[in-house]
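Here is what each chain is made of, one letter per residue.
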Amino acid sequence: MSIEQSGHPAEPQPERRDLTGYTPKARAWRAFFETSAIISDRMEKRLHATTGLKLTDYNLLLLLSEAPGQQLRMGELAEKMVFSPSRLSYQVKSLTSRGLIERCADPQDKRGMTARLTDEGRSVFATASKLHAQHIKQLFHPALDNTEAEELKRICDQILQTVASAEADPC
């Protein structure tokens with residue numbers, strides 16, 4: 001209600017504190033962080049409601065679907081998922097109990113284990129990937145033209161290179 005409508009001055013609004021910062025890079029980080037969290041949340045809710053999969057489940061099934069023989073060594077899968085071995089073990093156990101993947105001895109190294117997509121996993125992934133593609137087309141594609149998409153890809157690649165460099169030289 002404005003001053004004209006109530007006859008009283010408006011209450012002063014507390015100043016919003018932005019602890020991230022106000023530089024262009026700080027604001028870009030905040031926008032990137034919040035946007036990626038929101039889009040991941042919306043996509044996961046839709047995916048889970050329809051298929052029962054979380055985004056991490058989907059990502060694991062995607063990696064196995066793309067792998068030769070639709071299987072990967074556990075260590076390689078953990079690296080690609082950016083998971084600790086214990087977190088991957090939990091994820092694999094969950095998907096194994098649902099019949100979507102199976103763990104088996106690595107054919108090249110009997111000491112190692114692999115995760116392999118099952119027929120049921122292929123079927124669930126096929127359904128989920130169609131739905132996931134629809135979500136991407138609805139939530140992401142309209143926001144960018146092709147030039148902006150190429151620029152965003154370039155920026156993400158540059159960020160990944162910066163992360164790799166920082167990990168190689170932590171000081």
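Scroll up a little and you will see the structure.
Residues numbered from 1 in each chain as written. Predicted model: local features only at pLDDT ≥ 70, side-chain atom pairs only at ≥ 80, totals over all residues. Heavy atoms only, no water.

## Considerations on the overall build of the protein
So, step 1. Across its full length, the protein holds seven helices and three strands.
So, step 2. A buried classification covers 25% of the 171 residues belonging to the protein.
So, step 3. Taking as baseline every contact in the protein between residues at least 6 positions apart, the subset at least 24 positions apart corresponds to 52%. (Helix = DSSP H or I, 4+ residues; strand = E, 2+ residues; numbered from the N terminus. Buried < 20%, exposed > 50% of the residue type's maximum accessible area, 1.4 Å probe, protein only. Contact = heavy atoms within 4.5 Å.)

## Some points on the sheet that holds strand S1 (residues 71–73)
So, step 1. Taking strand neighbours across the sheet as the criterion, the three strands line up as S1-S3-S2 in an open arrangement whose pairing is antiparallel. Each having just a single partner strand, S1 and strand S2 (101–105) make up the two edges of the open sheet. Sheet twist, expressed as the mean angle between neighbouring strand axes with direction ignored, is 25°.
So, step 2. Where S1 and strand S3 (residues 113–117) come together, three bridges link them in antiparallel fashion. Paired with Arg73 across the two strands is Thr114, which belongs to S3.
So, step 3. Across the sheet, helix H3 (residues 55–66) is in contact with S1, S2 and S3; its angle to S3 comes to roughly 95°. (Pairing = 2+ DSSP bridges. Axes fitted to C-alpha atoms, helices over the stretch in contact; angles between N-to-C directions.)

## Focus on a nonpolar patch on the surface
So, step 1. Taken together, the side chains of Trp29, Phe32 and Phe33 present a nonpolar region at the surface, about 350 Å² in accessible area.
So, step 2. The partly exposed category is assigned to Phe33, whose relative accessible area is 48%. (Patch = residues over 30% accessible without salt bridge, like charges linked within 9 Å, V, L, I, M, F, W, Y side chains within 5 Å. Areas by Shrake-Rupley, 256 points an atom, 1.4 Å probe, with all protein chains shown as cover. Salt bridge = Lys/Arg side-chain N within 4 Å of Asp/Glu carboxyl O.)

## Quick look at the packing of H3 against helix H5 (residues 85–97)
So, step 1. In contact at an axis separation of 11 Å, H3 and H5 are set at 85° when each is read in the N-to-C sense. Taken together, the axes of H3 and H5 lie roughly perpendicular to each other. On H5, the residues that touch Thr56, Asp57, Leu60 and Leu61 of H3 are Arg87, Leu88, Gln91, Val92 and Leu95.
So, step 2. Residue composition of the contact of H3 with H5, by class: five nonpolar, two polar and two charged. (Parallel < 35°, antiparallel > 145°, perpendicular 65-115°, else oblique. Nonpolar A, V, L, I, M, F, W, Y, C, P; charged D, E, K, R; others polar.)

## Structural notes on H5
So, step 1. Its 13 residues give H5 an end-to-end C-alpha distance of 18 Å, which sits within 8% of 18 Å, the value for a rise of 1.5 Å per residue.
So, step 2. Residues of H5 that are buried include every one of Leu88, Gln91, Val92 and Leu95, and no others. The buried residues of H5 all sit within an arc of 95° when viewed along its axis, so they share a single face. For H5, the exposed residues lying more than 90 degrees away from the buried face are Ser86, Tyr90, Lys93 and Ser97.
So, step 3. Summarising the contacts, the buried residues of H5 are in contact with H3, helix H4 (74–81) and S2. (Expected span 1.5 Å × (residues − 1). Arc of directions from axis to C-beta.)

## Notes on the packing of H3 against H4
So, step 1. With their axes 11 Å apart at the nearest point, H3 and H4 run at an angle of 125° to one another. Overall, the two elements H3 and H4 adopt an arrangement that is oblique. Along this stretch, H3 crosses H4, giving a crossing that reads as right-handed. For the pair H3 and H4, contact is made by Thr56, Asn59, Leu60, Leu63 and Leu64 and by Leu77, Lys80 and Met81, respectively.
So, step 2. Split by residue class, the contact of H3 with H4 holds five nonpolar, two polar and one charged. (Left-handed = near helix turned anticlockwise from the far one by under 90°.)

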